[in-house]
Amino acid sequence: MIAMRLARRLSTKAPGQVRVLGIETSCDDTAAAVVTGDGRVVSETNRHQHSVHAEFGGIVPGLAAAHHQAHLPLVLRATLQSAGVGIGDVDAVAVTRGPGMAASLGVGVAAAKALAAVHGLPLIGVHHMEAHALMARMGREGAVAFPFLCVLVSGGHTTTLVAHGVGRYTTIGATRDDSAGEAFDKVARDLGLAWADAQHGGGLGPALERAARRGDASRFALPVPMDASASAASPDFSFSGIKAHVRRMRDAGAFDPRAPQDQADVAAAFQRAAVAHLRKKTALACRRARAMGARISCIVASGGVASNAAVRQALATVAEGEGVPLECPPPALCTDNGVMVAWAGVERLRRGLLDPYTFDFIQRWPLDRLKEMPYPVRASSFDP
C-alpha cells in the first residue's frame, strides 16, 4: 500500500515539483539542501568546521563527528525552514553513505534513516564521489550527457573515470599515493600557511592557491611527477614525490617558510608542477577512454581541487585539444555540500534506485564497485 502510494505520488508530479533532501557528513562539513527534480536549489545550509580543526593542521575525526552530532539537527531545521517545507513535504531523503570517515558518516546515515522511515519516504544512500561526478549535470543533463570523462580531484581522491551512466563507472587512472588535495594541504602546512577561512572552499589548499597568485613559479624548479619514460605512459597519478621534494627543500634551507615571498614562490612552483601533472594525465585518460570506445560528450572536473582556478584553466586546455567542452560545477559546489547529495538523490530516484532502511555506511568504497552492487528497482525503502 505504501509503495503504491509513493509511486503514484511521484508519477503525478512535474520534475520541478519533486523535492529531495540531501544530507552530507562524510568529513568535516555538516551540510543539507533541498533540490528539485529539474535542478533548482531550493535551500542549502553548510556548517563548516574550519576553526575547529585549524589549530591541528588537519581534520580530527572524533572532533568532526562530535560537531556533526551537535549541529546536524539545526542544519536540517534551517534547511527545511528556508525551503518553506516540512519533512513530510519532501519526496525522498538522500544521504552520503560513503566513502568517508566512519564516525562522521554514521551521524548523517542515522539521521537520514530515522527521518525517512518515520515519514515513509524513499531513502537513497549516495556514493560521495558519484555525487561529485554528477554535480555538473544538475539542470544541464543535455549538455553533460553520458558518457563523459570525469576528473575527480579532492582531498581524498584523484581519479579519472568514464561515467557511462548513473551507477556505472570505469576507472582509468587513480593516484598511487597521495591525492592532489592531500598534497596541496601538506605542502601548505610545510610552508607555514594559515588556513584560508571562507564560507566555501576554506582550508589549507585554498590558502596555497592564494599564496601562489603572488608568487614567481620560475624561482624554484620542481619536477613534474611521473615524467620519466617508465611512468609517463601510465594514466595514474602520484603526488608524494613532489610533496617530499618541497619538504627536502625546506629542510635544506632552500627557502624560509617564515618569509611571505618564499612562501608564495614555492607555492607557485608546486602548483605549476602539480597542475602540469593533472593536465598530462587527463589528456592521456581522454585517449584511453576513446580507445575503450567511449564517445565522451565532455570532460567534467569536480571535487574540492576543481575549484582551483589554475586547475580549471589547465583542464580547459585539455578539453579544447580534445574537441569537447569542460564542464565544472560552480566553485562553491565543488567542495563538499548538501546540494550534490540531493542531486545525486534525484538522479537515483528517477531510476528507482532506492535503499532499504536497513542499509549502513561504507567507509571504503571504490566508485566503480557501484555497478557490482545489487540495486533492484524498488518502489519503496520498505522493500528489503
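Before reading further, recall that the structure is shown in the block above.
What you are looking at is a predicted structure, and each value in this text was computed from that prediction instead of being measured.

K.L.:
Before we move on, can you summarise the sheet that holds strand β8 (residues 168-174) with the specific residues and values?
P.N.:
The strand order β8-β7-β6-β9-β10 describes an open sheet built from five strands, whose pairing is mixed. The sheet terminates laterally at β8 and β10 (326-327), the two strands that pair on one side only. Here two bridges tie strand β9 (residues 299-302) to β10, and the two strands are oriented parallel to one another. Across the sheet, residue Ile299 finds its bridge partner in β10, namely Leu326. The strands that helix α10 (residues 260-291) touches are β6 (148-153), β7 (158-165), β8 and β9; relative to β6, the one it contacts most, it runs at about 150°.

K.L.:
If you had to explain helix α4 (residues 102-119) to someone new, which residues and values would you point to?
P.N.:
Because an α-helix completes one turn every 3.6 residues, residues spaced three or four positions apart along the sequence face the same direction. The terminal C-alpha atoms of α4, which comprises 18 residues, lie 26 Å apart, in line with the 26 Å expected from a rise of 1.5 Å per residue. Residues Ser104, Leu105, Val107, Gly108, Val109, Ala112 and Ala116 constitute the buried set of α4. After α4 finishes, the residue Gly120 shows a positive phi value of roughly 65°.

K.L.:
How would you explain the nonpolar core if you had to name every residue and give the values?
P.N.:
Counting 54 residues, the largest nonpolar core has Leu149, Leu191, Leu208, Phe270 and Ile299 as the members making the most contacts within it. For this core, the secondary structure elements donating two or more residues are β6, α6 (180-190), α7 (204-213), α9 (240-251), α10, β9 and α11 (309-322). Considering every element that reaches this core, the biggest residue donor is α10, with 13 residues. Once you skip the residues sitting within four places of it in the chain, Leu191 turns out to touch Leu208, Phe255, Pro257, Gln263, Val266 and Ala267.

K.L.:
So, the packing of α6 against α7: which residues are in play, and what are the values?
P.N.:
One can describe the packing of α6 onto α7 by two numbers: an axis separation of 8 Å at closest approach and a directional angle of 65°. With respect to each other, α6 and α7 are oriented roughly perpendicular. Considering how the two elements wind past one another, α6 and α7 form a crossing that is left-handed. Listed contacts from α7 to Phe184, Asp185, Val187, Ala188 and Arg189 of α6 are Leu204, Gly205 and Leu208. Here the contact of α6 with α7 is built from residues that sort into five nonpolar, one polar and two charged.

K.L.:
Give me the lowdown on the pairing of strand β2 (residues 30-36), citing residues and values where you can.
P.N.:
Of all seven residues making up β2, seven are buried, and the element is well covered by its neighbours. Both faces of β2 are covered, namely the face carrying Thr30, Ala32, Val34 and Thr36 and the face carrying Ala31, Ala33 and Val35. Two elements, strand β1 (residues 19-24) and β2, share six bridges in a ladder whose sense is antiparallel. Bridge pairing in β2 links Gly22 to Ala33. The turn linking β1 back onto β2 is made up of five residues. As paired strands, β2 and strand β3 (residues 41-47) are joined by six bridges and run antiparallel to one another. Paired with Val34 across the two strands is Ser43, which belongs to β3. Remark: four residues form the turn of the hairpin made by β2 and β3, two consecutive strands paired antiparallel; Gly39 in that turn has positive phi of roughly 90°.

K.L.:
Summarise unusual backbone geometry; cite the residues concerned and give the values.
P.N.:
The amide bond that connects Gly98 to the next residue, Pro99, takes the cis arrangement and shows omega of -15°. Considering the arrangement of structural elements, one finds Pro99 in the loop between β4 (92-98) and α4. A cis amide bond, omega -5°, links Phe146 with the succeeding residue Pro147. You can see Pro147 is positioned in the loop between α5 (128-134) and β6. Located in the positive-phi region is Met226, a residue other than glycine, with phi close to 55°. On the secondary structure map, Met226 appears in the loop between α7 and α8 (229-232).

K.L.:
I'd like to hear about the sheet that holds β1, residue by residue, with values.
P.N.:
Across the sheet, which stays open at both edges, the five strands sit in the order β3-β2-β1-β4-β5 with mixed pairing between neighbours. Pairing within the sheet leaves two strands with one partner each, and these edge strands are β3 and β5 (123-127). If you compare each strand with its neighbour and ignore which way they point, the axes differ by 20° on average. Contacts between α4 and the sheet are confined to β1, β4 and β5, with β4 contributing the most and set at about 155° to the helix.

So, how was this worked out
- Residues numbered from 1 in each chain as written.
- Predicted model: local features only at pLDDT ≥ 70, side-chain atom pairs only at ≥ 80, totals over all residues.
- Heavy atoms only, no water.
- Pairing = 2+ DSSP bridges.
- Helix = DSSP H or I, 4+ residues; strand = E, 2+ residues; numbered from the N terminus.
- Contact = heavy atoms within 4.5 Å.
- Axes fitted to C-alpha atoms, helices over the stretch in contact; angles between N-to-C directions.
- Expected span 1.5 Å × (residues − 1).
- Buried < 20%, exposed > 50% of the residue type's maximum accessible area, 1.4 Å probe, protein only.
- Core = buried A, V, L, I, M, F, W, Y, C linked by side-chain atoms within 4.5 Å.
- Parallel < 35°, antiparallel > 145°, perpendicular 65-115°, else oblique.
- Left-handed = near helix turned anticlockwise from the far one by under 90°.
- Nonpolar A, V, L, I, M, F, W, Y, C, P; charged D, E, K, R; others polar.

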